[in-house]
Amino acid sequence: MEEGLKRLTALLSQVDPTAPGAGAAGGTGFGLMAWGATLVSGAQEIGRLCGLPERVRAADLVIVGEGRYDEQSKAGKLVSHVVALARAAGRPTFLVAGRIDAPTADFAASCELTELAGSISEASRNPRKWLYEAARSLAALPR
């Protein structure tokens, strides 16, 4: 199969198989580019369509959420895009995550639901309660 894919990429030489997004979803990006599509950052495009840059500029602060904040979160996921927009607008950004497994230096503050709840199972069993507690914790921070 790998040899067949190498042959296909050679036949479709107008498409760069190493381009960002070309291998995503089992090569869907590559196939779409072969048909003439242009790949763009999903986070940036969805953000643009939702008016996210304008909303961030109009906000006093920005809160982002992630089930698990890790190195992948910082590398092109929506949360990294929102952080970049907030930084450009001079807005503080808070992180609320189920679990935090990466440095949080990009945030003014962060809150981990698992830590608040005492365990992953408790955080998962009653997320509304722990999100509320996270909001209380962040709201209590000095300004």
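Whatever comes next refers back to the structure up there.
An account of the accompanying structure is given in this report. (Residues numbered from 1 in each chain as written. Predicted model: local features only at pLDDT ≥ 70, side-chain atom pairs only at ≥ 80, totals over all residues. Heavy atoms only, no water.)

### Overview of the overall build of the protein chain
- Along the backbone of the protein chain there are eight helices and three strands.
- The order of helices and strands in the protein chain, counted from the N terminus, is α-α-α-α-β-α-β-β-α-α-α.
- Taken over the C-alpha trace, the protein chain has a radius of gyration of 20 Å; the compact-globule value for 143 residues is 15 Å, which it surpasses by more than 25%.
- Summarising its shape, the C-alpha atoms of the protein chain cover approximately 60 × 35 × 25 Å along the three principal directions.
- For the protein chain, the proportion of its 143 residues judged to be buried stands at 31%.
- Taking contacts inside the protein chain between residues at least 6 apart in sequence as the whole, the part at least 24 apart equals 45%. (Helix = DSSP H or I, 4+ residues; strand = E, 2+ residues; numbered from the N terminus. Rg over C-alpha atoms; globule rule 2.2 N^0.38 Å. Buried < 20%, exposed > 50% of the residue type's maximum accessible area, 1.4 Å probe, protein only. Contact = heavy atoms within 4.5 Å.)

### Quick notes on the environment of I46
- Mapped onto the secondary structure, I46 falls in helix α3 (residues 42-49).
- Note: C-alpha distance between I46 and R136 (90 residues apart in sequence) is 29 Å.

### A few points about helix α5 (residues 78-89)
- For α5, built from twelve residues, the straight-helix expectation of 16 Å at 1.5 Å per residue is met to within 8% by its first-to-last C-alpha distance of 17 Å.
- Those residues of α5 not exposed but buried are V79, H81, V82, V83, L85, A86 and A89.
- Packed against the buried residues of α5 are α3, α4 (52-58), β1 (62-69) and β2 (93-100).
- One or two residues past the end of α5 sits G90, with phi positive at roughly 70 degrees. (Expected span 1.5 Å × (residues − 1).)

### Focus on the packing of aromatic side chains
- Tallied over the entire structure, the rule returns one aromatic pair.
- Centroid distance Y69 to F107: 5.4 Å. Interplanar angle 80 degrees. Geometry classified as edge-to-face. Highlighted residues: Y69 in strand β1 and F107 in the loop between β2 and β3 (109-112), separated in sequence by 38 residues.
- On the accessibility criterion, Y69 (2% relative accessible area) is buried.
- F107 gets classed as buried once you look at its relative accessible area, which sits at 9%. (Phe/Tyr/Trp six-rings, centres within 6.5 Å; stacked < 30°, edge-to-face > 60°.)

### Brief notes about the pattern of salt bridges
- All told, the structure shown has nine salt bridges when counted by the stated rule.
- Residue K77 pairs with E66 through a salt bridge whose shortest N-O separation is 3.3 Å. Here E66 lies in strand β1 and K77 lies in the loop between β1 and α5, a separation of eleven residues in the sequence.
- Here D106 and R87 are joined by a salt bridge, their closest N and O atoms 3.4 Å apart. Here R87 lies in helix α5 and D106 lies in the loop between β2 and β3, a separation of 19 residues in the sequence. (Salt bridge = Lys/Arg side-chain N within 4 Å of Asp/Glu carboxyl O.)

### Considerations on the nonpolar core
- The biggest cluster of nonpolar side chains holds 17 residues, and the ones touching the most others in it are V56, V62, V64, Y69, L95 and F107.
- Residue assignment for this core shows that the elements contributing at least two residues are α4, β1, α5 and β2.
- With six residues, α5 is the single largest residue contributor to this core.
- In this view, L95 contacts V64, Y69, I100, T104, F107, A109, S110 and C111; residues no more than four positions away in its chain are not counted. (Core = buried A, V, L, I, M, F, W, Y, C linked by side-chain atoms within 4.5 Å.)

Don't take any of this as a statement about function, it's just geometry.
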